[in-house]
Every structure is written in C-alpha cells, then in structure tokens.
Amino acid sequence: MDVRSLEFKQRSVIALDEPNLQKALKQGKAGFQGNRARAIDLVPEWQQIRSDAKVMKDHTLENLDYYLLQYEAAVEANGGKVHWAPTAADANRIITELVTNAEAKLVVKGKSMVSEEVALNSALEAAGVQTVETDLGEYIIQLAGEPPSHIIAPAAHKTKEQVSDLFEKAHGGPRIEDRPGLVTQARHVLREKFMTADIGITGANLFIAESGQHVLVTNEGNGDLCSSVPKVQIVITSIDKIVPTLEDAAATIRLLARSGTGQHISNYTSLYGGPKAADELDGPEQYHVVLVDNGRSTMLGNAFRDMLRCIRCGACMNHCPVYGNVGGHAYGWVYPGPMGSVLTPNMVGLEQTMDLPNACTMNGRCAEVCPMSIPLPDLLREHRRLQFQRGLGGKVARGTLAAWAAVAKKPSIYQTLTRPAVKVMSYFGGKSGVYKTLPGLGSWTSQRDLPAPQGDTFMAQWRKQQKSKKS
Ligand code: SF4
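Please read all numbers here as calculations on a predicted model, not as lab measurements.

Reading guide: rules and limits
Residues numbered from 1 in each chain as written. Predicted model: local features only at pLDDT ≥ 70, side-chain atom pairs only at ≥ 80, totals over all residues. Heavy atoms only, no water. Helix = DSSP H or I, 4+ residues; strand = E, 2+ residues; numbered from the N terminus. Core = buried A, V, L, I, M, F, W, Y, C linked by side-chain atoms within 4.5 Å. Buried < 20%, exposed > 50% of the residue type's maximum accessible area, 1.4 Å probe, protein only. Contact = heavy atoms within 4.5 Å. Domains from an automatic or database assignment. Polar contact = N/O pair within 3.5 Å; in protein donor to acceptor, adjacent residues only side chain to side chain.

**What about the environment of Lys469?**
Alright, step 1. Within the secondary structure layout, Lys469 lies in helix H23 (residues 458–470).
Alright, step 2. Once the C-alpha coordinates of Lys469 and Ala250 are considered, the two residues, 219 residues apart in sequence, prove to be 52 Å apart.

**Considerations on the nonpolar core**
Alright, step 1. Within the largest apolar cluster, 60 residues are counted, with the highest numbers of intra-cluster contacts made by Phe8, Met307, Tyr331, Tyr335, Met339 and Ile374.
Alright, step 2. For this core, the element with the most residues is helix H3 (residues 46–62), which contributes five residues.
Alright, step 3. Phe8 has contacts with Val322, Val326, Ala330, Tyr331, Asp355, Leu356 and Ala359, leaving out every residue within four places of it along the chain.
Alright, step 4. Residues Val118, Val129, Ile199 and Val232 belong to the second largest nonpolar core, which totals 21 residues.

**A word on the domain arrangement of the protein**
Alright, step 1. The domains assigned to the protein are domain 1 (43–297) and domain 2 (411–470).
Alright, step 2. The straight-line distance from the C-alpha centre of domain 1 to that of domain 2 is 50 Å.

**A look at the side chain of Glu117**
Alright, step 1. In this fold, Glu117 is placed in helix H6 (residues 113–118).
Alright, step 2. Exposure remark for Glu117: the relative accessible area of 5% places this residue in the buried category.
Alright, step 3. Here Tyr335 takes part through its side chain, which lies 2.6 Å from a polar atom of the side chain of Glu117.
Alright, step 4. Discounting residues that sit within four places of it in the chain, Glu117 has contacts with Asn294, Arg296, Trp333, Val334, Tyr335 and Met347.

Here you go:
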C-alpha cells in the first residue's frame, strides 16, 4: 500500500465534509466507547490486570530473543515451521514461495493487520493467486478496493446502504438492505471459498513461547475456517506479539476483548499449534508461521519500545477526537489513530508522515484507555522533538516554534506578552465568548468555534485565586 500520510490535511478536510463517513464514525464511536466502559466496570481488578500485563510485556521485550527461539523450538516440536522475515519484502517472498510451491490458486484470508502492513494481497495477486478476505469487514473493503479504516473494524467507515451497493454489484441478484440479509449473502459466497481454497492465511493476536501455539480471536469464526479447512495453514504475525506462557495469553485476552469491542471474550478464541496429527481427521497438513520484524527490532532499541506492547485493540482510536472526526483513511497508511501516528513514522519514516504526530491534541485520552499502558502522547511528543531536531517541517513552523520556545523559557517575558493578548482576545470574544472566524485560523473556525479566553491568563487567575484563599 502506498504511503499517503503526507496528504493528511487534505484528506481530513475531505473526510470532515463526507456525510456518510461522519454518520458511520458517530455510530461507531458511541458503540465502542459505551461497550468498553460497561465491560470494564464489571471487572474491579481491571487496573491490576492492566499493570500486570505491562510488567509481563516489558519482561518479554527485554528477553525477546530468548522467547522467540523458545517459540520456534516448540513449533518445530509440534511439526510446524517458523520462517523469519526481517522485512516486508521477505515476508511476501516467503509466503509467495509457500503458496506457489503448493500450486495454490485460491487463498482464503483471515483479518491480519501485519499482512496489510506488508501488502501481502498485492504480492499474491502479482503471483497469479486469487486471495479472498473472509472477515466481513475486510471482505467489504476488498470489494470496495479500499484499505481498512480501523484496526478491528476495517469497514467502520461504510454505511449499510454503501454495503448494499457493493454486494449488489459484486454478487448480482436482488438488492438486500437489511443487515442479517447482507450477512447471510456474504456467508453463502464465502462458504464456497472456504471449501475450495488451497491455503488459509490468518494473523495471530498472540503467540505463546512455551507451547508453540498462536491465539486467534474473531467474532465470525472465519479465522477458524481459514485455519482448519485448507490443507496448508500459514500464519503471518509480528515478533512483538509473543507472550511467554498460556497464563500470560489468557490475561492479555481479558484486556483485548474488553478494550476492543467491550466483550468479555470474543465469540471465537482459538489456539492452534501445528499440523493435524496422524490420528486426527481434520486440520491442515502443513503449518507455517511467518514472523515479521519490519522495523520492530529497531524500535526495541530506541525511544519507541513501549509501542511494542500494543495488542491492537483499537481503544486508542475509539477515544481519539481526531480519529473520531476524520476516520482512518485520512492517516494515509495501514495504522490509523494514535497508535498509527506513533507506529507509522517508525515504519515508513518521519519524513513521510510529518503531520501525524502534530495532529494530536494531547488530551491524553488514548493513554488512559490503553490496556497496555502505552504513553501514546509522550511518544507522539518524541516524534515532534525528532522532527524539530532533524530540521524537518516548514521554515515558518520551525521559526514559530523556536520563537515560542525562546519566550516560554522566560516566564516574566511570556506573561508580559500573553496577558495583554489574552485581554484583547477576551474583549473581542464579546458576549458569545467564541470566535466564529479569525484571520490565520480559518482551518479551525471552518469546522468549529474558537473559545475566547476568559478575562485573563491562567497564571493571573491562579494568583488571584491563591490571594483570595489567603485573605
Ligand atoms: S496503543 Fe493501546 S489502545 Fe491503541 S491499539 Fe495498541 S494496545 Fe490498544
């Protein structure tokens, strides 16, 4: 997938004016936030599970080489094979070879963000292999020829009417407009693909070092059909998804489902760990796991290591006011929202993603809801610091920031300059207390009012309050 993150501003403007997208985003946000809050309220030990998971994951990352090798040995003892993919190109080459060696013509796929990251479908199509996405959301966007807009709800940007249009065109036949009818139609089409596919490819939500198993979490069961019907099973995942033990996996799953969809557990939470045994009737004859690095080893040694704790639950984007208004496609690559704004610059380069760290409002909600306690605003601030340090960005922005920093470091000058400015802005804000337009801030005021300052600076108000407390 091409990186189009430099178009963030233009894409955001288009997104804000797109009524279908705005409708879909509003519905999605309300559902995700409410469901998560209700699910977490029922778990009094939530903060304890969360902090234990952070400790476990930090320990795992500290000893990543040990656990990865333990996992490889366990998979091979189970009769499977681990393939190491340092880059996206390596992952595509390895999987394409596996697919062509099996003389496969049809591949069914479960949802995998790592496969989106490496653009696996394009590589397979170039090799003449038909690839069918089987997660309903992924299937919808595959028909639409679009990338996912959310990491757990890839078609979150589509309304029911848009899905009806897509299905009518792709499937022919009478137009269906009710949700159960649309799901049934997709199920019929996909069922035939499962039964005739040569290979099933899925991602893995976690993989377990001690047992050589991977955990697959879905709500539709499509991942399980991809894993157990075709003769060859391929799993593509990234090296940071490892946990040491089955208990660690169970604890992480408690966080994942509640944070993502607000479920206590997803409908299907399955463990796989090798090809079928000689005395088993069902299951694949071959089991391959492709472990993708693609920049994660570098993150292990830089300021962004905390990001490797991410379990891809989507809670940060479900609570982000920026994502909630512009949707995932504005971010211009695979990973949207706060986690994407941290990950994407690490994976494709800061030069390609200039606006992403700067789009953050620093309200901190993402870090509050992140089940793995990832300090997302701090990491975004670190990207901003690196941009400035490397001399990236426009001269005007850099000059403005340098001037602001020089003034902000001297409180007396800062207060002398800001106090009259605040008073003037407060005066012209008038009775309404908001600006509907303001020269130089048209991008802001075209979408929302700008609140006028209330009378005085924060410092002046603070001093006044302290004085009145003493008197
Ligand atoms: S950064 Fe945290 S909240 Fe966001 S997807 Fe990852 S684990 Fe979930």
